[in-house]
Amino acid sequence: MAIWAETVIAGLVVVLYGLQSESHGGEGGLGWLFGGMFALVLLAVVSMVAGLAGSATAVLPLVLLGRAAARRTGRRDGWRLTLATVAVVAVALALLIGSCMLLADFGGPGDLLVCPVLALGLVVGLAPATLCARAAGNTGRPGARWRVLGGVALGGPGLFAVTLAVGVAAYGSGILKIYEPPRLTEAGMVGTWTDGDGGSLRFGADGTVTAKGVKKYGATGEQSGASDCTGKWRLTENDGVGRPFELGVADCGSLSSGWDIGGTEEHPTVFTWIGEPDAGERYILTRQR
């Protein structure tokens, strides 16, 4: 049950944090919130089953390992030894996974951070549940199991409510802000927007747009060349929820549809989807100052 509570609270944190991130689902921040809350309910059901499996395959073995270490070393089976056991196992697993990644030659710049981040995540995820399981199995304290169960049953929803209240307060006070696409004027669109790799779109004040080396992508997401063309552009208001403006490009070959506006007021972008929108890959150009 402790793993279930941890998973649901972590899911809530992800939902709350994600409200300030750029989204293009068509509903805007609040719509994403309702979708996220529905996902939390689904996560609660799935994590209940996963929590039972995790308890059987990870938490209980850690408790037994801690007790075995206590007997072997002649130490007292206390919570400190349980935490030490969780930490040792977490570090060992992190080193194993990190070594496999290095052998697989992933080559990413963040490879060196995999081990410490994974070890810390395992400790944070497993320690509360393991301590609860150890306390519930304490034969020297009658009724310990029910006290632990009651504490988790009350503390889990309580911590969930506190996390939700803190998130609502942060957004309500303006400390955090729900993402909104930039509200650009036509004058704000004028200028050159580049992809950082040689491709550019130049929007003129007279309504013309010039593309140079703008990448083209097929339905499968594979690059299919680059475009050099001249056409017309127009910025129109959009009645759809969450998308205040639409960017239209005409008479410019394969670039005549599919453009949208993203980023923030300070750093706006224009983009088009690569392959299917569900894949989440975008071809992005940023405005040059």
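In case you missed it, the structure is sitting above this.
Nothing here was measured: the structure is a model prediction, and the numbers come from that model.

Calculation rules
- Residues numbered from 1 in each chain as written.
- Predicted model: local features only at pLDDT ≥ 70, side-chain atom pairs only at ≥ 80, totals over all residues.
- Heavy atoms only, no water.
- Helix = DSSP H or I, 4+ residues; strand = E, 2+ residues; numbered from the N terminus.
- Buried < 20%, exposed > 50% of the residue type's maximum accessible area, 1.4 Å probe, protein only.
- Contact = heavy atoms within 4.5 Å.
- Areas by Shrake-Rupley, 256 points an atom, 1.4 Å probe, with all protein chains shown as cover.
- Disulfide = S-S within 2.5 Å.
- Phe/Tyr/Trp six-rings, centres within 6.5 Å; stacked < 30°, edge-to-face > 60°.
- Lys NZ or Arg CZ within 6 Å of the ring centre and 35° of its normal.
- Salt bridge = Lys/Arg side-chain N within 4 Å of Asp/Glu carboxyl O.
- Pairing = 2+ DSSP bridges.
- Axes fitted to C-alpha atoms, helices over the stretch in contact; angles between N-to-C directions.

Caption draft 1: Structural detail: the overall build of the protein chain. Scanning the protein chain from terminus to terminus reveals six helices and eight strands. The N-to-C order of helical and strand elements in the protein chain reads α-α-α-α-α-α-β-β-β-β-β-β-β-β. Buried residues in the protein chain amount to 33% of all 289 residues. Pairs at least 24 residues apart make up 52% of the contacts formed inside the protein chain by residues separated by at least 6 positions. Accessible surface, the protein chain: about 17,100 Å² in total, of which carbon and sulfur atoms supply 64%.

Caption draft 2: Spotlight on the state of the cysteines. Applying the stated criterion across every chain yields a total of one disulfide. Here Cys-229 connects covalently by a disulfide to Cys-252, the sulfurs 2.0 Å from one another. Because the torsion about its S-S bond is 85°, the bridge between Cys-229 and Cys-252 counts as right-handed. Here the residue Cys-229 occupies a position in strand 4 (residues 223-237), and Cys-252 occupies one in the loop between strand 5 (245-250) and strand 6 (260-263), the gap between them amounting to 23 residues. This pair shows no difference in class: Cys-229 is buried, exactly as Cys-252 is.

Caption draft 3: Local environment of the packing of aromatic side chains. For the structure shown, the criterion picks out four aromatic pairs. A centroid spacing of 6.3 Å and a plane angle of 90° characterise the contact between Trp-193 and Phe-203, whose relative ring orientation is edge-to-face. Linking Trp-193 in strand 1 (residues 191-194) with Phe-203 in strand 2 (residues 200-203), this pair joins segments that are ten residues apart in sequence. Among the residues examined, Phe-203 registers a relative accessible area of 1% and is labelled buried. Seen from their ring centres, Tyr-217 and Tyr-283 are 5.7 Å apart, and the 55° between their planes marks the pair as tilted. Taken together, the residues Tyr-217 in strand 3 (residues 208-217) and Tyr-283 in strand 8 (residues 282-287) connect sequence positions 66 residues apart. When its relative accessible area of 27% is taken as the criterion, Tyr-217 is described as partly exposed. Given the relative accessible area of 5%, Tyr-283 is considered buried. Positioned above the aromatic ring of Phe-271 is the side chain of Arg-282, whose terminal nitrogen or guanidinium carbon lies 4.7 Å from the ring centre.

Caption draft 4: Focus on the pattern of salt bridges. This structure, assessed with the given rule, holds two salt bridges. Taking the shortest distance from any N to any O, the salt bridge between Asp-195 and Lys-215 comes out at 3.1 Å. Residue Asp-195 is located in the loop between strand 1 and strand 2, and its partner Lys-215 is located in strand 3; the two are separated by 20 residues in the primary sequence. Lys-215 shares its class with Asp-195; the two are buried. One salt bridge connects Asp-197 with Lys-215, and the closest N-O pair in it is separated by 3.2 Å. With Asp-197 in the loop between strand 1 and strand 2 and Lys-215 in strand 3, this residue pair connects regions lying 18 residues apart in the sequence. Each of Asp-195, Asp-197 and Lys-215 takes part in one network of salt bridges that share partners.

Caption draft 5: Examining the sheet that holds strand 5 more closely. Overall, antiparallel pairing links the eight strands, which are arranged 5-4-3-2-1-8-7-6 in an open sheet. The open sheet terminates on both sides in strands that have one partner only, identified here as strand 5 and strand 6. Between one strand axis and the next, the sheet turns by 35° as a mean value, whatever way the strands run. The sheet contact formed by strand 4 and strand 5 spans six bridges and is antiparallel. Note that in strand 5 the partner of Thr-236 across the bridge is Glu-246.

Caption draft 6: Looking closely at the environment of Ser-21. Turning to its location among the elements, Ser-21 is positioned in the loop between helix 1 (2-18) and helix 2 (28-73). Since its relative accessible area comes to 31%, Ser-21 is described here as partly exposed. In the structure, Ser-21 is positioned 157 residues away from Ile-178 in sequence and 7.7 Å away in space, judged by C-alpha atoms.

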